[in-house]
2 protein chains.
Amino acid sequence: MPQQERSRATQARLLEATVECLVEFGWSGTTSTVVATRAGVSRGAQLHHYPTRAALVTAAVVHLTERRAAEIRAEAALLPAGPGRLDRVIDMLASAFTGPLFVAALELWLAARTDAELRDALVPLEARVGREMHRLTVELLDADERKPGVRESVQATLDLLRGLGVANLLSDDSARRTALLGIWKRQLATMLDGSDTPNTTVEA
Amino acid sequence: MPQQERSRATQARLLEATVECLVEFGWSGTTSTVVATRAGVSRGAQLHHYPTRAALVTAAVVHLTERRAAEIRAEAALLPAGPGRLDRVIDMLASAFTGPLFVAALELWLAARTDAELRDALVPLEARVGREMHRLTVELLDADERKPGVRESVQATLDLLRGLGVANLLSDDSARRTALLGIWKRQLATMLDGSDTPNTTVEA
């Protein structure tokens, strides 16, 4: 492998291992040494790519969020248009918000409250990840944000999914989540219509 | 003070101090010693009331959640009936989900993922706190859960507020939250109507 490719492979292994460690051991257990061991990378190589623990974990969240967004986009591209599309998109997003990357990000967000270095690294990233998730959702739902209330409906969907992700941390909340999202999908469909009297235009 | 009253005062000081420490130092910094010092209580007295760290922190979350629920109930009892009531109730709940007790609970929830003793203590408590918050919200909103979709709308409100609480952890999200909840209040009002074609009955 050429040098550049080997570097990229090393980085990818370190970033994957970081998320795995955050999920498995939490922030306090995710030391640089533990990550290097898990990734099978020397401490020297790790420090070369990511000089600090904050640099490593923020890179992991950015990199893996972008990769997850790309995967969701690719998956969504295969969905047929039509009434079932919104449901499938919400299911895909819900599975992202209950997956390991969400748990890893939450570990960092919470730790950053009481860790100034981590906080300085995460605050700009939080805004960026938030914008990226919003843009992705608008795109997947084909939402027209010029209509009144549509922007807020997309935001509410993401905030709701974040809340559902937290509710799933300690116990399997999938039955309640599925029922709740079943109702939400129908609400969202009318909200994306952008009319305050949604069903009158469709059914009346 | 009689003995029983002194015990209650000592317990209250320990539980308050626990939440303060969780907010300020996170779970890893909330050791029994730190809490005892903050509360001005001897280690012996602390161990008498709460023999383990898990017992202390779970008692803190239960006690303070119940107290906060009682405060919200008392505040809500003063609200006039009428169209503004729902808005004020949502504002009160939103302020609970962005306050110190939410942050303290989130610290515990996340720590419990990787701490078996804490997890065993929290899982039954999570269900209980969840039921209590649901019941409180139903009561404050005067929601009729026999109507279709109403139960899920109440749940979605709480999940949304939880998500908004997380979004407020590292930066002041109040402007976005206020705008979003403005839309949500109108949606919720129609959802609590329990009709799938909400506005037709009111406006058509």
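If you're wondering where the values come from, they're calculated on a predicted model, not measured in any experiment.

### Let's talk about the overall build of chain A
Line of reasoning, step 1. Looking only at helices and strands, one finds ten helices and zero strands in chain A.
Line of reasoning, step 2. Its helices and strands in sequence order give chain A the pattern α-α-α-α-α-α-α-α-α-α, from N to C terminus.
Line of reasoning, step 3. Counting only C-alpha atoms and orienting by the principal axes, one finds that chain A spans roughly 70 × 40 × 30 Å.
Line of reasoning, step 4. Scored against the burial criterion, the 204 residues of chain A give a buried share of 51%.
Line of reasoning, step 5. Counting only contacts in chain A whose residues sit at least 6 apart along the sequence, the fraction spanning at least 24 positions is 62%.
Line of reasoning, step 6. Just so you have it, chain A exposes about 9,400 Å², and 54% of that area is on carbon and sulfur atoms.

### Let's talk about the side chain of H134 of chain A
Line of reasoning, step 1. In this structure, H134 of chain A sits in helix α7 (residues 116–141).
Line of reasoning, step 2. In this view, H134 of chain A contacts E145, R151, V154, Q155 and L158 of chain A; residues no more than four positions away in its chain are not counted.

### What about the UniProt feature "DNA-binding region" (unreviewed entry) in chain A?
Line of reasoning, step 1. Per the UniProt annotation, the sites labelled "DNA-binding region" (unreviewed entry) are residues 31–50 of chain A.
Line of reasoning, step 2. Between the C-alpha atoms that bound residues 31–50 of chain A the distance is 13 Å, and the span itself is 75% helix and 0% strand.

### Side note on the environment of T31 of chain A
Line of reasoning, step 1. Turning to its location among the elements, T31 of chain A is positioned in the loop between α1 (3–29) and α2 (32–39).
Line of reasoning, step 2. At 3.2 Å, the side chain of T31 of chain A and the backbone nitrogen of V34 of chain A are in polar contact.

### Regarding the relation of the copies chain A and chain B
Line of reasoning, step 1. Expressed as a screw operation, the relation of chain A to chain B combines 0.0 Å of axial shift with a rotation of 180 degrees, fitting to an RMSD of 0.0 Å. The superposition of one copy onto the other is thereby described by a two-fold rotation axis.

### Examining the nonpolar core
Line of reasoning, step 1. Grouped together as the largest cluster of nonpolar side chains are 134 residues, with contacts concentrated most on L108 and L118 of chain A together with L108 and L118 of chain B.
Line of reasoning, step 2. Apart from the residues lying within four places of it in its own chain, the contact partners of L108 of chain B are L22, W27, V57, V61, L118 and L122 of chain B.

### Thoughts on the pattern of salt bridges
All names here are of chain A.
Line of reasoning, step 1. Tallied over the entire structure, the rule returns 32 salt bridges over all chains.
Line of reasoning, step 2. In this structure, E16 engages R67 in a salt bridge whose closest nitrogen and oxygen atoms are separated by 2.5 Å. Here the residue E16 occupies a position in helix α1, and R67 occupies one in helix α4 (residues 53–77), the gap between them amounting to 51 residues.
Line of reasoning, step 3. What makes E16 partly exposed here is its relative accessible area of 29%.

### Quick look at the packing of aromatic side chains
All names here are of chain A.
Line of reasoning, step 1. Applying the stated criterion across every chain yields a total of three aromatic pairs over all chains.
Line of reasoning, step 2. Residues F97 and F102 carry aromatic rings whose centres are separated by 5.7 Å and whose planes lie at 55 degrees to one another, so their mutual orientation is tilted.
Line of reasoning, step 3. F102 gets classed as buried once you look at its relative accessible area, which sits at 11%.
Line of reasoning, step 4. Its end group placed over the ring of W27, R53 keeps NZ or CZ at 3.6 Å from the ring centre.

### Notes on the interface of chain A and chain B
Line of reasoning, step 1. Residue-level contacts link 45 residues of chain A with 45 residues of chain B.
Line of reasoning, step 2. Of the roughly 4,000 Å² buried between chain A and chain B on both sides combined, carbon and sulfur atoms contribute 63%.
Line of reasoning, step 3. Counting the surface chain A buries against chain B, the share from its top three residues, L110, R113 and L170 of chain A, is 19%.
Line of reasoning, step 4. Between the two partners, chain A and chain B, sit four salt bridges.
Line of reasoning, step 5. Among the salt bridges present, the one from D159 of chain B reaches R176 of chain A, with a minimum N-O distance of 2.9 Å.
Line of reasoning, step 6. For the pair chain A and chain B, the interface holds 14 residue pairs in polar contact (both at pLDDT 80 or more).
Line of reasoning, step 7. Going through the elements one at a time, α1, α6 (100–112), α7, α8 (150–167), α9 (174–192) and α10 (198–203) of chain A are the ones with two or more residues in the side of chain A that touches chain B.
Line of reasoning, step 8. Along the lines of polarity and charge, the residues of the side of chain A that touches chain B split into 23 nonpolar, ten polar and twelve charged.

### A look at empty space enclosed by the protein
Line of reasoning, step 1. Taken as a whole and judged by the stated rule, the model has two cavities of 30 Å³ or more.
Line of reasoning, step 2. A volume near 40 Å³ is recorded for the largest cavity.
Line of reasoning, step 3. Along its surface, the largest cavity is lined by E152, S153, A156 and M191 of chain A together with L180, I183 and W184 of chain B.
Line of reasoning, step 4. Of all the secondary-structure elements, those providing two or more residues to the lining of the largest cavity are α8 of chain A together with α9 (174–192) of chain B.
Line of reasoning, step 5. Among the residues forming the lining of the largest cavity, the class breakdown is five nonpolar, one polar and one charged.
Line of reasoning, step 6. Space inside the second largest cavity adds up to approximately 30 Å³.
Line of reasoning, step 7. Lining of the second largest cavity is provided by L180, I183 and W184 of chain A together with E152, S153, A156, W184 and M191 of chain B.
Line of reasoning, step 8. For the lining of the second largest cavity, the residue count by class is six nonpolar, one polar and one charged.

### A look at the packing of α1 of chain A against α6 of chain A
Residues and elements named next belong to chain A.
Line of reasoning, step 1. Relative orientation of the contacting elements α1 and α6 amounts to 55 degrees, with a least axis distance of 8 Å. Between α1 and α6, the angle falls in the class oblique. Remark: the crossing between α1 and α6 carries left-handed chirality. The residues of α6 that touch α1, namely those facing V19, L22, V23, G26 and W27, are P100, L101, V103, A104, E107, L108 and A111.
Line of reasoning, step 2. Classifying every residue of the contact of α1 with α6 by side-chain character gives ten nonpolar, one polar and one charged.

Criteria and thresholds
- Residues numbered from 1 in each chain as written.
- Chains lettered and ligands numbered in written order.
- Predicted model: local features only at pLDDT ≥ 70, side-chain atom pairs only at ≥ 80, totals over all residues.
- Heavy atoms only, no water.
- Helix = DSSP H or I, 4+ residues; strand = E, 2+ residues; numbered from the N terminus.
- Buried < 20%, exposed > 50% of the residue type's maximum accessible area, 1.4 Å probe, protein only.
- Contact = heavy atoms within 4.5 Å.
- Areas by Shrake-Rupley, 256 points an atom, 1.4 Å probe, with all protein chains shown as cover.
- UniProt positions renumbered as here; feature names shortened; annotations may be inferred.
- Polar contact = N/O pair within 3.5 Å; in protein donor to acceptor, adjacent residues only side chain to side chain.
- Least-squares fit on C-alpha atoms with pLDDT ≥ 70 in both.
- Core = buried A, V, L, I, M, F, W, Y, C linked by side-chain atoms within 4.5 Å.
- Salt bridge = Lys/Arg side-chain N within 4 Å of Asp/Glu carboxyl O.
- Phe/Tyr/Trp six-rings, centres within 6.5 Å; stacked < 30°, edge-to-face > 60°.
- Lys NZ or Arg CZ within 6 Å of the ring centre and 35° of its normal.
- Buried area = accessible area lost by both parts, 1.4 Å probe.
- Nonpolar A, V, L, I, M, F, W, Y, C, P; charged D, E, K, R; others polar.
- 1 Å grid on protein atoms, 1.4 Å probe; cavity = no way out; pocket = protein on both sides within 12 Å on 5 of 7 lines; lining within 4 Å.
- Points joined across faces, edges and corners; volume = space filled by probe spheres on them.
- Axes fitted to C-alpha atoms, helices over the stretch in contact; angles between N-to-C directions.
- Parallel < 35°, antiparallel > 145°, perpendicular 65-115°, else oblique.
- Left-handed = near helix turned anticlockwise from the far one by under 90°.

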